[in-house]
Each structure stands twice: as C-alpha cells, then as structure tokens.
Amino acid sequence: MTTSSASTRKGLTKIATNRLQKEFMEWQTSPPAGFKHRVSDNLQRWIIEVNGAPGTLYANETYQLQVEFPEHYPMEAPQVIFQHPAPLHPHIYSNGHICLDVLYDSWSPAMRLSSICLSILSMLSSSSVKQKPKDNDHYLKNCKNGRSPKETRWRFHDDKV
C-alpha cells in the first residue's frame, strides 16, 4: 500500500466485502496455478506469492504481489504492485508498478483477482528479455511520495513482451 492511500483508505462497501469473501474462499480451495495467497486478517490487502512458470525466464523465481482492494471493488480495479524486489521486466518498474492494461483502462467488474494474476503470469512468461522499462528512471523521478500507479496515465503501446 502506498503512503498516500494508507491515510485515506476507506472501508469496503457491503458489495465489495461479499465479493472479496467469495474470492477468498475460491483462493483457499483452488488458487490459480503458480500463485499462493498469504492469509492475513485484512480482507482489503492481500499478499500473493507468484512463482515463475517453468520453461520461462522467470522459472524457479518467486515474487510477491501486494493487492489493495478499493472501497468500491469490483466496480473499481484493485491496486496491484510487486513488492521489492520486483522482477526485471520491460513492463514492471523497479518500484513494483506494473504497466498492464487490465489493471487500469481495461478493467471490468466481471474480472477477478485470479484473472489479473493470470494476466501478470502471462506477461512474465511471454517476455524474451529481463530488463527494466526503458523509461524506468524517468518514471521513478516523477513517481514521488508513494504515488499510486493508478494515478499514472499509462500508454499501452507494446504488447510484444
């Protein structure tokens, strides 16, 4: 969770709570392959362990996603970032922010956390190179004081990695 959202975070609506409780139960019985939910008592903030898919550049590597569900989830997308250290990937900034359209412009209330996780795993698996985004340093300079990635105007122009 970013510093700015920590002080302004509101409780979940009843719709959000019901939806998250249902998703939580689904994760307990059948999580997506390659993912593990670290259980806590906070329904609004989840930590998800991501295991790189076999046969990819990220095989045998484990990362952690931090997921913050907004008050009006699923009408609003969750904030999803990689905790440090973030994987080296052309669409993942070194502060953990992820440039992936389903987290922002292409979000739909019909989506679930499991579909986001599978999109992230697919993005990692399809990469042919481990490197920071070309504009990583510029982005970090402009992303001060714990700004949320949801405040960024992303340009989704490259779907080849």
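Residues numbered from 1 in each chain as written. Predicted model: local features only at pLDDT ≥ 70, side-chain atom pairs only at ≥ 80, totals over all residues. Heavy atoms only, no water.

K.L.:
Can you walk me through the pairing of strand 3 (residues 62-68) in this structure?
P.N.:
Regular strands show a simple pattern: their side chains alternate between the two faces of the sheet. Along strand 3, 5 of the 7 residues are buried, which leaves the element largely enclosed by surrounding structure. Two strands pair when backbone bridges link them, and strand 2 (residues 45-51) and strand 3 are joined in this way by 7 bridges, in the antiparallel orientation. Across the sheet, residue I47 finds its bridge partner in strand 3, namely Q66. In terms of strand pairing, strand 3 meets strand 4 (residues 79-82) through 4 bridges, oriented antiparallel. The residue of strand 4 that forms the bridge with Q66 is I81. (Buried < 20%, exposed > 50% of the residue type's maximum accessible area, 1.4 Å probe, protein only. Helix = DSSP H or I, 4+ residues; strand = E, 2+ residues; numbered from the N terminus. Pairing = 2+ DSSP bridges.)

K.L.:
How do you make sense of the side chain of H37 when you look at a structure like this?
P.N.:
Residue position: H37 is located in strand 1 (residues 35-38). Judged by relative accessible area, H37 falls into the buried class, the value being 9%. A distance of 3.5 Å separates a polar atom in the side chain of H37 from a polar atom in the side chain of Q28. Ignoring any residue separated from it by four or fewer positions in sequence, one finds H37 in contact with F24, W27, Q28, W46, I47 and I48. (Polar contact = N/O pair within 3.5 Å; in protein donor to acceptor, adjacent residues only side chain to side chain. Contact = heavy atoms within 4.5 Å.)

K.L.:
Could you clarify how one ought to interpret helix 3 (residues 113-125) in this entry?
P.N.:
Helical geometry: 3.6 residues make up each α-helical turn, so side chains three or four residues apart lie on a common side. With 13 residues, helix 3 should cover 18 Å at 1.5 Å per step; its first-to-last C-alpha distance of 18 Å lies within 8% of that length. Taken residue by residue, helix 3 has L113, I116, C117, I120, L121, M123 and L124 as its buried positions. Taken around the axis of helix 3, the buried residues stretch over an arc of 160°, which confines them to a single face. Residues of helix 3 that are buried sit in contact with helix 2 (14-29), strand 1, strand 2, strand 3 and strand 4. (Expected span 1.5 Å × (residues − 1). Arc of directions from axis to C-beta.)

K.L.:
What am I meant to see in the UniProt feature "active site" (unreviewed entry) in the chain here?
P.N.:
Per the UniProt record, "active site" (unreviewed entry) is found at C99. Within the secondary structure layout, C99 lies in the loop between strand 4 and helix 3. A relative accessible area of 11% means that C99 is categorised as buried. (UniProt positions renumbered as here; feature names shortened; annotations may be inferred.)

K.L.:
Please clarify how the pattern of salt bridges should be interpreted in this entry.
P.N.:
A side chain of one charge can pair with a side chain of the opposite charge when the charged atoms of the two come close. Inspection of every chain in the model, using the stated rule, returns 5 salt bridges. Taking the shortest distance from any N to any O, the salt bridge between K130 and E61 comes out at 2.3 Å. A residue pair is termed long-range when its members are at least 10 positions apart, and K130 in the loop between helix 3 and helix 4 (136-141) and E61 in the loop between strand 2 and strand 3 qualify at 69 residues. Residue class for K130 comes out partly exposed when judged on its relative accessible area of 34%. Three or more residues joined by partner-sharing salt bridges are found here, namely R19, E23, E26 and R112. (Salt bridge = Lys/Arg side-chain N within 4 Å of Asp/Glu carboxyl O.)

K.L.:
For this particular structure, what's the right way to read the environment of S106?
P.N.:
Mapped onto the elements of the fold, S106 is located in the loop between strand 4 and helix 3. Between the C-alpha atom of S106 and that of A77, which follows or precedes it by 29 residues, the distance is 9.4 Å. Those residues in contact with S106 that lie beyond four places of it in its chain are D101 and M111.

K.L.:
Would you mind going over the sheet that holds strand 1 with me for this structure?
P.N.:
Backbone hydrogen bonds are what pair the strands of a sheet, in a parallel or an antiparallel way. Strand order in the open sheet made by the 4 strands is 1-2-3-4, with antiparallel pairing throughout. The open sheet has two edge strands, strand 1 and strand 4, and neither has a second partner. Neighbouring strand axes in the sheet, compared pairwise and without regard to direction, differ in orientation by 25° on average. Packing against the sheet, helix 3 makes contact with strand 1, strand 2, strand 3 and strand 4, and its axis sits at approximately 35° to strand 2. (Axes fitted to C-alpha atoms, helices over the stretch in contact; angles between N-to-C directions.)

K.L.:
Would you mind going over the nonpolar core with me for this structure?
P.N.:
In this structure, I48, L65, F82, I98, L113 and I120 are the most contacted members of the largest nonpolar core, which totals 33 residues. Looking at this core, the element that brings in the most residues is helix 3, giving 7 residues. Residue contacts for F82: discarding those within four places in its chain leaves V50, Y63, Q64, L65, P87, I92, N95, G96, I98, I120 and L124. (Core = buried A, V, L, I, M, F, W, Y, C linked by side-chain atoms within 4.5 Å.)

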